[in-house]
Amino acid sequence: MCGAKYLAQIILVGAQVVGRAFARALRQEFAASRAAADARGRSERPPSAAASRIAGISLQEAQQILNVSDLNAEEIQKNYNHLFKVNDKSVGGSFYLQSKVVRAKERLDEELRIQAQSDKEKGWKAET
């Protein structure tokens, strides 16, 4: 009887020690994860990478979808119009493909905007 009591106490104390160690390790992991997230948020990302993250599509993928090799606004618009009409659901197209075409156009438009802004900033730096 006495041995069972001591055995129960040893098991209980051991479980408490393991539980505390686990809780401490979990708190440390959360703190490290939060610090890593904060560091990522403070780092300077290129605008193009940020645009890819926001749009959910890379520049290369967008160019492949719209079948363009250069960032030419007229060619992008022409291919977009064609692919959007071809994939219209009312003519038997796929809504999924049509949405991919729209996302690709948005991503390429954002890249054109980034390039224009970059060119504008370079112009200002050259003047000063």
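Residues numbered from 1 in each chain as written. Predicted model: local features only at pLDDT ≥ 70, side-chain atom pairs only at ≥ 80, totals over all residues. Heavy atoms only, no water.

- By the naming in an unreviewed UniProt entry, the protein goes by Presequence translocase associated motor 16 and is assigned to Nothoprocta perdicaria.
- Note on the protein: under the UniProt heading Subcellular location (unreviewed entry), the record states "Mitochondrion inner membrane".
- Of the protein, the UniProt comment under Sequence similarities (unreviewed entry) reads exactly: "Belongs to the TIM16/PAM16 family." (UniProt positions renumbered as here; feature names shortened; annotations may be inferred.)

Some thoughts on the pattern of salt bridges
At step 1: For the structure shown, the criterion picks out five salt bridges.
At step 2: We note a salt bridge from Lys100 to Glu61, for which the minimum N-O separation is 3.5 Å. Here the residue Lys100 occupies a position in helix H5 (residues 95–127), and Glu61 occupies one in helix H3 (residues 59–66), the gap between them amounting to 39 residues.
At step 3: A relative accessible area of 26% means that Lys100 is categorised as partly exposed.
At step 4: Given a relative accessible area of 30%, Glu61 falls into the partly exposed group.
At step 5: Here Asp109 and Lys105 are joined by a salt bridge, their closest N and O atoms 2.7 Å apart. Here Lys105 and Asp109 lie together in helix H5, a separation of four residues that amounts to about one turn.
At step 6: By relative accessible area, which is 33% here, Asp109 ends up partly exposed.
At step 7: Residue Lys105 is classed as buried on the basis of its relative accessible area of 12%. (Salt bridge = Lys/Arg side-chain N within 4 Å of Asp/Glu carboxyl O. Helix = DSSP H or I, 4+ residues; strand = E, 2+ residues; numbered from the N terminus. Buried < 20%, exposed > 50% of the residue type's maximum accessible area, 1.4 Å probe, protein only.)

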